[in-house]
Amino acid sequence: MPEITYLEAIREGIVEEMARDENVFCLGEDIGAYGGAFKVTDGLLARFGEQRVLDTPISEVGIVGAAAGAAHMGMRPVVEMQFIDFIANAYDMLTNYVATARYRAFLPCPMVVRGPSGGYVRGGPFHSQNPEAGFVHTPGLKVVYPATAEDAKGLIKSAIRDDDCVLFFEHKYLYRRIKGVMPEGDHTVPIGKARVAREGTDLSIITYAATVFKALEAAEQLQAEDGVSVEVLDLRTLAPLDDEAIQATVRKTNRALVVHEDTRTGGLAGEITARINEQSFAWLDAPVLRVTAHDVPLPYAPQLEDFVLPQTSDIVRAARAVLSY
Amino acid sequence: MPPARSAAPSRAPRATRAAGDAAAADAPLSPERLLELYYWMRLTRTLEERLVALYRQTKVVGGLFRSLGQEADSVGSAFALERRDVLSPLIRNLGSMLVKGATPLEILRQYMAKGDSPTRGRELNIHFGDRDRGFIGQISPLGDMLPVMAGVTLSFKMRGEDRVGLVYVGDGATSTGAFHEGINFAAVQRCPLVVIVENNGYAYSTPTSRQTAAKQFVDKAIGYGVPGEQADGNDILAVYAATRRAVDRARRGEGVTLLEFMTYRRKGHAEHDNQSYVPKGEIERWERENDPVARFTQRLTGEFGVATATLEAMDDRVRAEVDAATDEAEKSPPPQALDALVGVYADPPRAETLWYREGDGAVVEQHERAEGWGTYAAAPAPPKAD
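Residues numbered from 1 in each chain as written. Chains lettered and ligands numbered in written order. Predicted model: local features only at pLDDT ≥ 70, side-chain atom pairs only at ≥ 80, totals over all residues.

Draft legend 1. Quick peek at the overall build of chain B. Within chain B, the regular secondary structure consists of 13 helices and seven strands. The burial tally for chain B puts 48% of its 386 residues in the buried class. Considering only intrachain contacts with a sequence separation of at least 6, the fraction spanning at least 24 residues in chain B is 77%. (Helix = DSSP H or I, 4+ residues; strand = E, 2+ residues; numbered from the N terminus. Buried ≥ 20, exposed ≤ 12 C-beta atoms within 10 Å, placed from the backbone. Contact = placed C-beta atoms within 7 Å.)

Draft legend 2. Local environment of the pairing of strand β5 (residues 112-117) of chain A. All names here are of chain A. Among the six residues in β5, six count as buried, and that is most of the element. As judged from the three bridges shared by strand β4 (residues 76-80) and β5, these two strands associate in the parallel manner. Bridge pairing links V78 to V112 in β5. Taking the sense of rotation as the criterion, the β-α-β connection linking β4, helix α4 (residues 91-105) and β5 turns out right-handed. In this sheet, strand β7 (residues 166-171) lies alongside β5 in parallel orientation, the contact comprising six bridges. The residue of β7 that forms the bridge with V113 is L167. (Pairing = 2+ DSSP bridges. Right-handed = clockwise from strand over helix to strand, strands pointing away.)

Draft legend 3. Summary view of the interface of chain A and chain B. Facing the 31 residues of chain A at the interface are 36 residues of chain B. Here the element with the most residues in the side of chain A that touches chain B is helix α3 (residues 60-72) of chain A; it accounts for nine residues. Of the residues in the side of chain A that touches chain B, the class split is 16 nonpolar, ten polar and five charged. (Nonpolar A, V, L, I, M, F, W, Y, C, P; charged D, E, K, R; others polar.)

Draft legend 4. Up close: the sheet that holds strand β12 (residues 237-239) of chain A. Residue and element names in this part refer to chain A. Pairing is mixed in the open sheet, where seven strands are placed in the order β3-β2-β4-β5-β7-β6-β12. What marks the edges here is a single partner per strand, and that holds for β3 (53-55) and β12. Averaged over all pairs of adjacent strands, the angle between strand axes in this sheet comes to 20°, irrespective of strand direction. Sheet topology note: the strand β6 (residues 142-144)/β12 ladder contains two bridges and is antiparallel. Paired with V143 across the strands is A239, a residue of β12. Helix α6 (residues 149-161) contacts β2 (24-28), β4, β5, β6 and β7 of the sheet and is inclined by roughly 160° relative to β7. (Axes fitted to C-alpha atoms, helices over the stretch in contact; angles between N-to-C directions.)

Draft legend 5. The arrangement of the domain arrangement of chain A in detail. All names here are of chain A. Taken domain by domain, chain A consists of domain 1 (3-181) and domain 2 (195-323). Using C-alpha coordinates to define each centre, domain 1 is positioned 26 Å away from domain 2. In this complex, domain 1 contributes 25 residues to the contact, which on the side of domain 2 involves 20 residues. Secondary-structure elements contributing two or more residues to the side of domain 1 that touches domain 2 are α5 (132-136), β6, α6 and β7. Split by residue class, the side of domain 1 that touches domain 2 holds 14 nonpolar, seven polar and four charged. (Domains from an automatic or database assignment.)

Draft legend 6. Quick look at the nonpolar core. V64 and I205 of chain A together with V195 of chain B are the most contacted members of the largest nonpolar core, which has 196 residues in total. Top element by residues in this core is helix α9 (residues 236-251) of chain B. It accounts for nine residues. Aside from chain neighbours lying at most four places away, what touches I205 of chain A is A215, A219, V230, V232, L257, V259, I315 and A319 of chain A. (Core = buried A, V, L, I, M, F, W, Y, C linked by C-beta atoms within 7 Å.)

Written as C-alpha cells, this is what we have:
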C-alpha cells in the first residue's frame, strides 16, 4: 500500500463511507465542481453525482440546519466548513438545535461537520482558528481532531457512522505534510480513545493535532540533550475525553505538561489539568503546566504568528520546568 | 354577530400572487371535513382555556403560550397536509399539532412537566415532536426551524418520496439570519417546502412596523424567487385553500412557496404579559369583529346549513375529552431526577453522576429506556400512565 497524505486519507474515508452507505452525502460551499477550497472533496461529484455532493449557498446556519433536518430523517450528512473559523456562524444551530435534539426531542442527528482548522500557515485571524473548546463545552456534541493520516481516515469513518453529531477538525498544516500507509480493509478508529504517540517514563506531554508533532520533536530533543524519557499522548478525541488514558500516563510518569495550539484561557488544557488534579493528585511530583497560544487573535505576519503560537522550544522549556520541580 | 372578512381592513389580505393554479385546492370540503375543522379549532381553544386554569393553580410550572384568535391559521394549514407530510410548529401552533396527532393528554403532561410527558420533563409547553406523526419539535431561537425543515424536505427530494414539509415562522422570525438562510437554501434546492409567515402583528411587544420596512411579508417571496400568497388567516377556509395550493405545488416538484397569513395575537407573548404596549381597544375590536371560531361558526350554520345543536354537541364532546385528559394528566408522576442524565448521546447512553451525588444511580438504571431508543428506526415509546 502506498503512502497517502492526511488530506487524501480524509477523502478516502469519506469516499468509502459514501460507497458503503447511500444515506451519506456531502454538502458545503464549493465542494462539488471545484472540489473544496483545499480539494478534500475533489472527485466526489464525478463519482457520486449532484444528488450526493451538494454545492450550497454561503449559509453556515442554513447548511448545518439542513444537515440536521436530513439527519433526523435517516440521512448521514457530511458538512464542510470552508474554513473551520466559519463554524462560529453556525454556533447557534449546533449548540441550541443539534446538540440538544436527542435529549429534548429524541431526534437523532447523525451528522459530521468537518473543516480545515489551525494555524502555522500565515492564514491570519479568520483562516487559522482552533474553535474546539466552545463545542467541547456543549453536551450533545462529539469533537475529534486527528494528528496522523491513519487516524484521519479511521476517525472520519467512525464519525460518519456515529449516531450523534461529530465535529471533525482537520489541521490544515498537516493536510499535505503528514503521510501514512493506511491499514488494510475497513479501517476505523474508535471515537473517545487517545493514542500513545511515544512511550516514556519521566514526563507526559498530553496534546492533540499539530502540536503532537512539536511535542514529539521536543521529546527527541529532551532525550538527546537531557537524557529524559518523555511520553506523548495524542488525545485524538476531545469530546468525550479519554480520561482513562490521561490518568494512566500521569500515574506512569508522575509529571504532566498539557500542550495545545488553541488560546490559553478556557482552552482544553484547563479542563485536562483539573481532571488530573481531581483524580491523580497523589501521583504528581510536580504541578501540571500548560503550553498554549497567547490569548490574542491570531495575527498574520510570520514574526507575530510564530510568537503567538506554541513552538517546540516552548515545549522543551516548559518540560524542563516540570521535570526540575 | 361575527362580521364578514372585511371587518379588520388594516390587516385584510392585500395581494394574491399565486392563486388559482390548482383546482383541487378550491374544491369544496365535504360536510364531515368542515366539521372536523371546527372540532380542531374548538379543541385548541378549549384546551388552552383549561391550561389557563391549571396555570393559575400553579400546576403549569413554566410559561403558558396562547393562540387565542389564531386557531384558524394553525388548523386550516395543517389540515392541508397528508399524514405522511411533516410540519414544524411554532409556539402558537397548538392547533397544527393537534391536527397532526398530538393529544390533549400529551400537551397537558408536557405543560405540567410530568415524567411521562412526551419529553419526560425535559422541554416546556408544546416543544415536542414525533416523526411518526409528522411533526418536528421546535426550539426557542426563532427562525432555526426553517433550515431544519429545508433539510427534512431535502431528504424527501433526495429519496424521491412523495412528501411535503411545512414550517411556521412568525413576523418576528423573518428578521433572523436563519430565516433567510433556510428559505434561500430550500428555494435553490427546490425543496418541497411550504413556509408560512403568521403575521399576528406582534413579536413579543414589537409591532411589525419595527420588525421590517417591507410593506408586507409576502413581498419577501420575490427576493427568494419563490411564489408568494397572502391570505386572511382568520378565515379557515381561505387558509386551507392557500396552503393546499402551496402543498400541491410542492408535491408537483415546484419547490418552495411563501404564505403570509394575516391574523392577530389577542393574548400577550405569554400569560404573564399584560400587553401594555397594545393600543387601547385593538384587542377588543378583534375579539368582537374577527374571531376565527365565531366566523367559521357563522358560515357553518349559515351557508353550509349545519344545525347549531350539532356544533353544541361537538363543543360538549371537546369539553369531555379535555376533562378526561386533565384527570389523566394530573395522575401522572413527576420525572425522577436522575433521568436528567439519560440520552444526551446514543453512546454513551447516560452522563456520569457527579461523585457528590453518587448513591442514587440505581434510579437511572431503572428508568433508562431499552435498546434502540433514540435511533432512527425506533420511535419514542408511547407514554405510559402509571
